[in-house]
Amino acid sequence: AQSVDQPDAHVTLSEGASLELRCSYSYSAAPYLFWYVQYPGQSLQFLLKYITGDTVVKGTKGFEAEFRKSNSSFNLKKSPAHWSDSAKYFCALEGRAKLTFGKGTKLSVKS
Amino acid sequence: EAAVTQSPRNKVAVTGGKVTLSCNQTNNHNNMYWYRQDTGHGLRLIHYSYGAGSTEKGDIPDGYKASRPSQENFSLILELATPSQTSVYFCASGDAITGENTGQLYFGEGSKLTVL
C-alpha cells in the first residue's frame with residue numbers, strides 16, 4: 001500500500017517570507033515523489049520530482065523540495081514567497097504507475 | 001506541450017442516468033488516469049490504464065467503469081449515477097519514469113459533474 005499525508009490543510013504567510021509545505025509518505029520501496037500546483041479554477045501543473053540522487057531537487061517557478069529518507073518526508077520550499085504563489089499544492093507518490101496524491105495544502109500569500 | 005482534452009466540461013445528470021466522461025490525449029502516452037477531486041479529499045484515483053485495451057481499478061472504483069479503446073482515448077462511465085458522484089473529474093496521461101521520461105502527468109481541464 002502507498003499513501004501520502006499533507007498535514008496542513010491551510011497555510012497563510014506574508015509576501016517575502018519563506019514557505020515550507022510539509023509532505024510525508026508511506027511506501028515499501030524507493031519512492032518516486034512529485035509536487036503539483038493547482039491555481040484557482042485551473043487544472044494541476046507539474047512543479048518538480050524526486051527520482052533518485054540529490055536530496056534537494058529544483059523545479060519550476062523557483063520551488064525546490066528536500067527528500068529525507070530518515071523521516072519519509074518530501075517538503076516543498078520557496079524563498080521568498082510571492083502573492084502569485086497562492087494556490088493549492090499537492091504532493092504525490094508513484095508506485096507501479098499508480099500516482100497517489102495527498103489531500104493538498106491551500107497556500108495563501110498576503111501582500 | 002502535452003495536450004489532454006476532456007468532454008464534456010460541465011454535465012448535469014439525473015439520479016439513475018448514465019454518464020460518460022471522455023478523455024483524449026495526443027502525446028502517445030501509455031498511461032491514462034481518472035481522478036475525482038472533492039473538498040477535503042484531494043484527488044482520488046478511480047481507474048487507470050497502461051495502454052489500449054487495459055483498465056485497472058484505482059482506490060475508489062465502485063460505481064465507475066472505464067474503457068480504453070485506443071491509445072488516445074480513455075472514458076469513465078457511470079452506469080447509474082448517484083448524487084454522491086457529484087464532483088470534478090480529472091483525466092491525466094503520462095509515461096512511466098525512464099531515462100527519457102520524467103514520469104510527470106499531464107492533466108485535462110476537468111469535468112464538473114452534478115447529479116441531481
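What counts, and where the lines are drawn
- Residues numbered from 1 in each chain as written.
- Chains lettered and ligands numbered in written order.
- Predicted model: local features only at pLDDT ≥ 70, side-chain atom pairs only at ≥ 80, totals over all residues.
- Heavy atoms only, no water.
- Phe/Tyr/Trp six-rings, centres within 6.5 Å; stacked < 30°, edge-to-face > 60°.
- Helix = DSSP H or I, 4+ residues; strand = E, 2+ residues; numbered from the N terminus.
- Buried < 20%, exposed > 50% of the residue type's maximum accessible area, 1.4 Å probe, protein only.
- Pairing = 2+ DSSP bridges.
- Axes fitted to C-alpha atoms, helices over the stretch in contact; angles between N-to-C directions.
- Polar contact = N/O pair within 3.5 Å; in protein donor to acceptor, adjacent residues only side chain to side chain.
- Contact = heavy atoms within 4.5 Å.
- Salt bridge = Lys/Arg side-chain N within 4 Å of Asp/Glu carboxyl O.
- Nonpolar A, V, L, I, M, F, W, Y, C, P; charged D, E, K, R; others polar.

**Q** Would you mind going over the packing of aromatic side chains with me for this structure?
**A** Each aromatic ring pair is specified by the distance between its two centres and by the angle formed by the two planes. Overall, the coordinates contain 18 aromatic pairs over all chains when judged by the stated rule. With centroids separated by 5.7 Å and ring planes inclined at 80°, the aromatic side chains of Y36 of chain A and F107 of chain B adopt a geometry described as edge-to-face. Taken as a pair, Y36 of chain A in strand β5 (residues 32–38) and F107 of chain B in strand β10 (residues 106–107) lie in two separate chains rather than in one. Residue Y36 of chain A is classed as buried on the basis of its relative accessible area, which comes to 0%. Aromatic pair Y50 of chain A and F74 of chain A: ring centres 6.3 Å apart, planes at 50°, arrangement tilted. You can see Y50 of chain A sitting in strand β6 (residues 44–50) and its partner F74 of chain A sitting in strand β9 (residues 73–78), a full 24 residues away along the chain. Its relative accessible area of 7% is what places Y50 of chain A among the buried residues. Members of the aromatic cluster, joined through ring pairs, are F34, Y36, F46, F90 and F101 of chain A together with Y33, Y35, Y48, Y50, F90 and F107 of chain B.

**Q** In this structure, what is going on with the sheet that holds strand β7 (residues 65–67) of chain B? I would like to understand it.
**A** Residue and element names in this part refer to chain B. What the four strands build is an open sheet, ordered β1-β3-β8-β7; its pairing is antiparallel. Strands at the two margins of the open sheet, each flanked by one partner only, are β1 (4–7) and β7. Neighbour to neighbour, the strand axes of the sheet diverge by 20° on average, direction disregarded. By the bridge criterion, four bridges tie β1 to strand β3 (residues 19–25) in an arrangement that is antiparallel.

**Q** I'm lost on the side chain of K78 of chain A in this one. Help?
**A** Residues and elements named next belong to chain A. Here K78 is to be found in strand β9. The buried category is assigned to K78, whose relative accessible area is 14%. Polar contacts involving the side chain of K78 include one to the main-chain carbonyl oxygen of K61, which spans 3.1 Å. Non-local contacts of K78, meaning those with residues more than four positions away in its chain, are made with A17, S18, L19, K61, G62, F63 and D85.

**Q** Teacher, can you tell me more about the interface of chain A and chain B here?
**A** In many analyses, interface size is given as the accessible surface area lost on bringing the parts together. Contact residues are listed per partner, giving 20 residues for chain A and 21 residues for chain B. Where chain A meets chain B, there are one salt bridge. Measuring nitrogen to oxygen at the nearest pair gives 2.7 Å for the salt bridge that ties K98 of chain A to D59 of chain B. The tally of links from chain A across to chain B stands at five residue pairs in polar contact (both at pLDDT 80 or more). Looking at side-chain class alone, the side of chain A that touches chain B contains ten nonpolar, five polar and five charged residues.

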